[in-house]
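Summary of structural features
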Amino acid sequence: QVQLVESGGGLVQAGGSLRLSCAASGRTVSRYGMGWFRQAPGKERECVAAISWSGGSTYYQDSVKGRFTISRDNAKNTVYLQMNSLKPEDTAVYYCAADSQPFRVTTISREYYRYLEVWGQGTLVTVSS
């Protein structure tokens, strides 16, 4: 059974940066696509970024394009989300998620989030204005 543990959240001023990490145990995540979701108070959970098992394909929600970067270090069994130019509207609990099936796709589409079914516990990001 895989376990995903997020870290790196915190309080930052608008315009600042944070890097979130998602460490996996119990499974070699190098075979699995991964993603980052967020859920703001009173809003639905949304996928902000995803990355293929190889790292060769990525997806970003329009609101974070050019500001967020998803990456993976398969040797460390870890996925990252680098967040720059943060805005107050980025405030949310951020969750890491993994695909339940290895090698499912090589090219990430905007619908790929439907396959990300294994979740971490979340880390809170608060951006002050």
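First, a word on scope: everything that follows refers to the structure included in this document. (Residues numbered from 1 in each chain as written. Predicted model: local features only at pLDDT ≥ 70, side-chain atom pairs only at ≥ 80, totals over all residues. Heavy atoms only, no water.)

**Brief notes about the packing of aromatic side chains**
- Scanning the model with the defined rule gives 4 aromatic pairs in all.
- Where tyrosine 112 meets tyrosine 115, the ring centres are 5.9 Å apart and the plane angle is 50°; that geometry is what we call tilted.
- The exposure class assigned to tyrosine 115 is partly exposed, which follows from its relative accessible area of 36%.
- Within the aromatic cluster, the residues linked to one another by ring pairs are Phe37, Tyr95 and Trp119. (Phe/Tyr/Trp six-rings, centres within 6.5 Å; stacked < 30°, edge-to-face > 60°. Buried < 20%, exposed > 50% of the residue type's maximum accessible area, 1.4 Å probe, protein only.)

**Regarding the state of the cysteines**
- Per the counting criterion, the structure on display carries 1 disulfide.
- Note that cysteine 22 is cross-linked by a disulfide to cysteine 96, the S-S spacing being 2.1 Å. On the S-S bond that ties cysteine 22 to cysteine 96, the torsion sits near -75°, and the link is left-handed. Residue cysteine 22 is located in strand S3 (residues 18-25), and its partner cysteine 96 is located in strand S9 (residues 92-99); the two are separated by 74 residues in the primary sequence. Each member of the pair, cysteine 22 as well as cysteine 96, is classed as buried.
- Distance from the sulfur of cysteine 47, which forms no disulfide, to the nearest cysteine sulfur (cysteine 96) is 11 Å.
- Judged by relative accessible area, which is 9%, cysteine 47 ranks as buried. (Disulfide = S-S within 2.5 Å. Helix = DSSP H or I, 4+ residues; strand = E, 2+ residues; numbered from the N terminus.)

**Examining the sheet that holds strand S8 (residues 78-83)**
- Read across the sheet, 4 strands follow the order S1-S3-S8-S7 without closing on themselves; strand pairing throughout is antiparallel. A single partner strand is all that each edge strand has here, and the edge strands are strand S1 (3-7) and strand S7 (68-73). This sheet shows a mean twist of 15° between the axes of neighbouring strands, independent of strand direction.
- Examined bridge by bridge, S1 and S3 share 5 bridges and lie antiparallel to one another. Bridged to valine 5 within S3 is alanine 23. (Pairing = 2+ DSSP bridges. Axes fitted to C-alpha atoms, helices over the stretch in contact; angles between N-to-C directions.)

**Thoughts on the layout of surface pockets**
- Reported here for the largest pocket is a volume of approximately 170 Å³.
- Taken together, Arg38, Gln39, Ala40, Lys43, Glu44, Glu46, Ser63, Arg67, Lys87, Glu89, Asp90 and Ala92 make up the full set of residues lining the largest pocket. (1 Å grid on protein atoms, 1.4 Å probe; cavity = no way out; pocket = protein on both sides within 12 Å on 5 of 7 lines; lining within 4 Å. Points joined across faces, edges and corners; volume = space filled by probe spheres on them.)

**Looking at unusual backbone geometry**
- Phi at asparagine 77 is positive, roughly 55°, even though this residue is not glycine.
- In this fold, asparagine 77 is placed in the loop between S7 and S8.
- Phi is positive for serine 85, which is not a glycine, with a value near 50°.
- Examined against the element boundaries, serine 85 turns out to sit in the loop between S8 and S9.
- The exposure class assigned to serine 85 is partly exposed, which follows from its relative accessible area of 40%.

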